[in-house]
Amino acid sequence: QAISRARPKVAAYPFTTVNPHIGMVQYDDLTQLAVADLPGLIRGSSKNRGLGYAFLQHVQRCRLLVYVIDLSADDPLDQLDALKHELEEYETGLSEKPSIVLANKTDMPYSEAVLEELHKTGLEVMLTSGRTGKGLEHFLTRAKVISDEFVEQLEDQQENTRL
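Note that the structure is a prediction, hence the values are computed from the model and not measured.

A. Up close: the overall build of the chain. Assigned secondary structure in the chain consists of four helices and five strands. Counting from the amino terminus, the chain carries its helices and strands in the arrangement β-β-α-β-α-β-α-β-α. For the chain, the residues scored as buried account for 34% of the 163 residues in total. Contacts in the chain between residues far apart in sequence, at least 24 positions, make up 54% of those at least 6 positions apart. When the accessible surface of the chain is split by element, carbon and sulfur atoms take 50% of a total near 10,100 Å².

B. Molecular detail of helix H4 (residues 136–162). With 27 residues, H4 ought to run about 39 Å at 1.5 Å a step, and its terminal C-alpha atoms sit 39 Å apart, in line with that. Those residues of H4 that fall on the buried side of the exposure criterion are Leu-136, Phe-139, Leu-140, Ala-143, Lys-144, Ile-146, Ser-147 and Phe-150.

C. Quick peek at the pattern of salt bridges. Under the defined criterion, the tally for this structure stands at six salt bridges. One salt bridge in this structure joins Lys-105 and Asp-70, with 3.2 Å as the shortest N-O distance. Of this pair, Lys-105 sits in the loop between strand E4 (99–104) and helix H3 (112–119) while Asp-70 sits in strand E3 (residues 65–70), and the two are 35 residues apart along the sequence. With relative accessibility at 31%, the residue Lys-105 sits in the partly exposed group. Lys-144 is paired through a salt bridge with Asp-148; the nearest N and O atoms lie 2.9 Å apart. Separated by four residues within a single helix, Lys-144 and Asp-148 lie in helix H4, roughly one turn from each other.

D. Here's a closer look at the environment of Ala-73. With respect to the secondary-structure elements, Ala-73 resides in the loop between E3 and helix H2 (76–90). The spatial distance from the C-alpha of Ala-73 to the C-alpha of Tyr-110 is 8.4 Å, given a sequence separation of 37 residues.

E. Examining the pairing of E4 more closely. In terms of burial, E4 is largely enclosed, as six of its six residues are buried. As paired elements, E3 and E4 share six bridges and run parallel to each other. Across the sheet, Tyr-67 pairs through a bridge with Val-101, a residue of E4. As a crossover connection, the stretch from E3 through H2 into E4 is right-handed. Judged from the four bridges that link them, E4 and strand E5 (residues 124–127) form a sheet pairing that is parallel. When the sheet's bridge partners are listed, Leu-102 is paired in E5 with Met-126. Taken together, E4, H3 and E5 constitute a β-α-β crossover, and its handedness is right-handed.

F. A look at the confidence of the model for the chain. Averaged over all residues, the pLDDT of the chain equals 79, while 75% of them reach at least 70. In the model of the chain, helix H1 (residues 52–59) stands out as the element of lowest mean pLDDT, 69, in contrast to E5, which has the highest, 94.

The rules behind the values
Residues numbered from 1 in each chain as written. Predicted model: local features only at pLDDT ≥ 70, side-chain atom pairs only at ≥ 80, totals over all residues. Heavy atoms only, no water. Helix = DSSP H or I, 4+ residues; strand = E, 2+ residues; numbered from the N terminus. Buried < 20%, exposed > 50% of the residue type's maximum accessible area, 1.4 Å probe, protein only. Contact = heavy atoms within 4.5 Å. Areas by Shrake-Rupley, 256 points an atom, 1.4 Å probe, with all protein chains shown as cover. Expected span 1.5 Å × (residues − 1). Salt bridge = Lys/Arg side-chain N within 4 Å of Asp/Glu carboxyl O. Pairing = 2+ DSSP bridges. Right-handed = clockwise from strand over helix to strand, strands pointing away. pLDDT = per-residue confidence, 0-100.

Right under this line is the structure:
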């Protein structure tokens, strides 16, 4: 909701969204980027628990994965590990797509040690607050750059296969 015009129904507890919601991020250069909110990934999603397959099939079409991690949760690193595990169990290599860790809820108390551990994953980590908007503009700019780079790589691969 904080980055696009998508308006899924949400509540104050996890996984209230029962359908993937597609939103469009509008950029100043008049380009746009489609974003899919897939909050229903729980342990066992790769075995079709919860809304597993219904959400995981959408991940296959994504150019960029953004792992939104709740820094105020008990074990943010476990969230990331669980998400990556479910992606890999569903399809080998799926978690290897271009990715960003969006460390959310920086407006609430969180552990600097956890943040350091997230940086050790090798993934790009960006700090944000969906509530205050802090860090979202930088994230959206970075997401567009990564998406554009991915498209360029695909075009180069297609060109090379034609030769």
